[in-house]
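An overview of the molecular structure
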Amino acid sequence: MAFNVADFNATLSKHGVAVNNLFLARFSLPSSLSSGSGNRDNMNLRDIPFFCRSAQLPDLEVNVTDIKTQGHGISQKRATAMENNIVPVVFMVDSNFAIKKLFHQWNQSIINHGNGGGTMEVNPDGRKLYEYNYHDDYTSTLEVVVYSYNQEEITYNYKFNNAFPVSVSGVQVAWENGAEVMTITVNFASHESILSSTC
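As the structure is a computational prediction, the values presented were derived from the model and not from experiment. (Residues numbered from 1 in each chain as written. Predicted model: local features only at pLDDT ≥ 70, side-chain atom pairs only at ≥ 80, totals over all residues. Heavy atoms only, no water.)

This next bit is on the overall build of the protein. A count of helices and strands for the protein gives four helices and nine strands. Going residue by residue from the N terminus, the α and β elements of the protein occur as α-β-α-β-β-β-β-α-α-β-β-β-β. A buried classification covers 28% of the 199 residues belonging to the protein. Across the protein, contacts joining residues at least 24 apart in sequence account for 62% of those joining residues at least 6 apart. Looking at the protein as shown, the accessible area adds up to about 13,200 Å², and 52% of this sits on carbon and sulfur atoms. (Helix = DSSP H or I, 4+ residues; strand = E, 2+ residues; numbered from the N terminus. Buried < 20%, exposed > 50% of the residue type's maximum accessible area, 1.4 Å probe, protein only. Contact = heavy atoms within 4.5 Å. Areas by Shrake-Rupley, 256 points an atom, 1.4 Å probe, with all protein chains shown as cover.)

Moving on, we come to unusual backbone geometry. Residue Tyr130 is not a glycine yet carries a positive backbone phi of 65°. The topology assignment puts Tyr130 in the loop between helix 3 (98–110) and helix 4 (135–138). For Tyr130, a relative accessible area of 56% corresponds to the exposed category. In this model, Asn162 sits at a positive phi of 55°, which is unusual for a non-glycine residue. Relative to the assigned elements, Asn162 resides in strand 7 (residues 155–168).

Attention now moves to the pattern of salt bridges. Summed over the entire model, instances satisfying the criterion amount to two salt bridges. Taking the shortest distance from any N to any O, the salt bridge between Arg26 and Glu143 comes out at 3.4 Å. On the criterion of sequence distance, the pair formed by Arg26 in strand 1 (residues 23–27) and Glu143 in strand 6 (residues 140–147) is long-range, its members being 117 residues apart. In this structure Arg26 comes out as partly exposed when scored by relative accessible area, which is 35%. Among the salt bridges present, the one from Lys77 reaches Asp66, with a minimum N-O distance of 2.9 Å. Taken together, the residues Lys77 in strand 4 (residues 76–83) and Asp66 in strand 3 (residues 61–67) connect sequence positions eleven residues apart. (Salt bridge = Lys/Arg side-chain N within 4 Å of Asp/Glu carboxyl O.)

Take helix 1 (residues 5–15) next. Residue Asn4 occupies the N-cap position of helix 1, its side-chain oxygen lying 2.8 Å from the main-chain nitrogen of Ala6. Phi turns positive one or two residues past the end of helix 1, at Gly16, with a value near 75°. (Polar contact = N/O pair within 3.5 Å; in protein donor to acceptor, adjacent residues only side chain to side chain.)

With that settled, the discussion passes to helix 3. Look at helix 3: 19 Å from first C-alpha to last across 13 residues, which is about the 18 Å you get at 1.5 Å a residue. Within helix 3, ten of the 13 residues are buried, which leaves the element mostly enclosed by the surrounding structure. Within the span of helix 3, buried status applies to Ala98, Ile99, Lys100, Leu102, Phe103, Gln105, Trp106, Gln108, Ser109 and Ile110. (Expected span 1.5 Å × (residues − 1).)

The geometry of an aromatic ring pair is captured by two quantities: the separation of the ring centres and the angle between the planes. Summed over all chains, the structure comprises eleven aromatic pairs. Pairing Phe27 with Phe103 gives two aromatic rings, centres 5.6 Å apart and planes at 55°, and the pair type is tilted. You can see Phe27 sitting in strand 1 and its partner Phe103 sitting in helix 3, a full 76 residues away along the chain. Phe103 carries the same exposure label as Phe27, and that label is buried. Between Phe91 and Phe103, the aromatic rings sit 5.0 Å apart at their centres with planes inclined by 40°, giving tilted as the arrangement. Within this pair, whereas Phe91 is found in strand 5 (residues 87–92), its partner Phe103 is found in helix 3, the two being separated by twelve residues in sequence. A relative accessible area of 2% means that Phe91 is categorised as buried. Members of the aromatic cluster, connected to one another through ring pairs, are Phe27, Phe91, Phe103, Trp106 and Phe188. (Phe/Tyr/Trp six-rings, centres within 6.5 Å; stacked < 30°, edge-to-face > 60°.)

What the second largest pocket holds in volume is close to 250 Å³. Lining the second largest pocket are 17 residues, and of these Ala18, Tyr147, Ser148, Tyr149 and Ile154 sit closest to its centre. Elements with a minimum of two residues in the lining of the second largest pocket: strand 6, strand 7 and strand 9 (192–198). The greatest single-element share of the lining of the second largest pocket, amounting to three residues, is contributed by strand 7. Tallied by class, residues from the lining of the second largest pocket come to nine nonpolar, eight polar and no charged. (1 Å grid on protein atoms, 1.4 Å probe; cavity = no way out; pocket = protein on both sides within 12 Å on 5 of 7 lines; lining within 4 Å. Points joined across faces, edges and corners; volume = space filled by probe spheres on them. Nonpolar A, V, L, I, M, F, W, Y, C, P; charged D, E, K, R; others polar.)

Here is the structure:
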């Protein structure tokens, strides 16, 4: 069948196309930051999604291994596991640096890397230098909701359970960068991802 431009345009008009700038990224605080002295000087969580500049929706990657069903001959690939990939999220930094403080505190709640107080320094929660926190205390839920261009009620939801930041990027500051917005990239790891659509 020959390619027909009219059919092509009609099909796109019928179904529409998705765009990549209609999204919302949000997360809840882990217990180590949501109570006590851990959550200090942070902005309201409802405001943080507006500072999210971009998010990388993860690949769906299945780990495979080569199997020779008869013990010899041509190998066939078999699925062995599902890989949970890192989710990079880029945040613009507010003028009070509250977003930077939040993720630095979250990082500190995972492992006490110290604040210059020496090897005997103890965190407010009682952990010594380089002492790890409990997994359930520093993990949270991250959600990335992608909206349809045609209908607001249609969404595709990415939910990452037991998520936590494995790295918070550094920031290069320079005199010639006067017009640039300061950003940080936070890479989240997750033990479980749930994909769902609503309409």
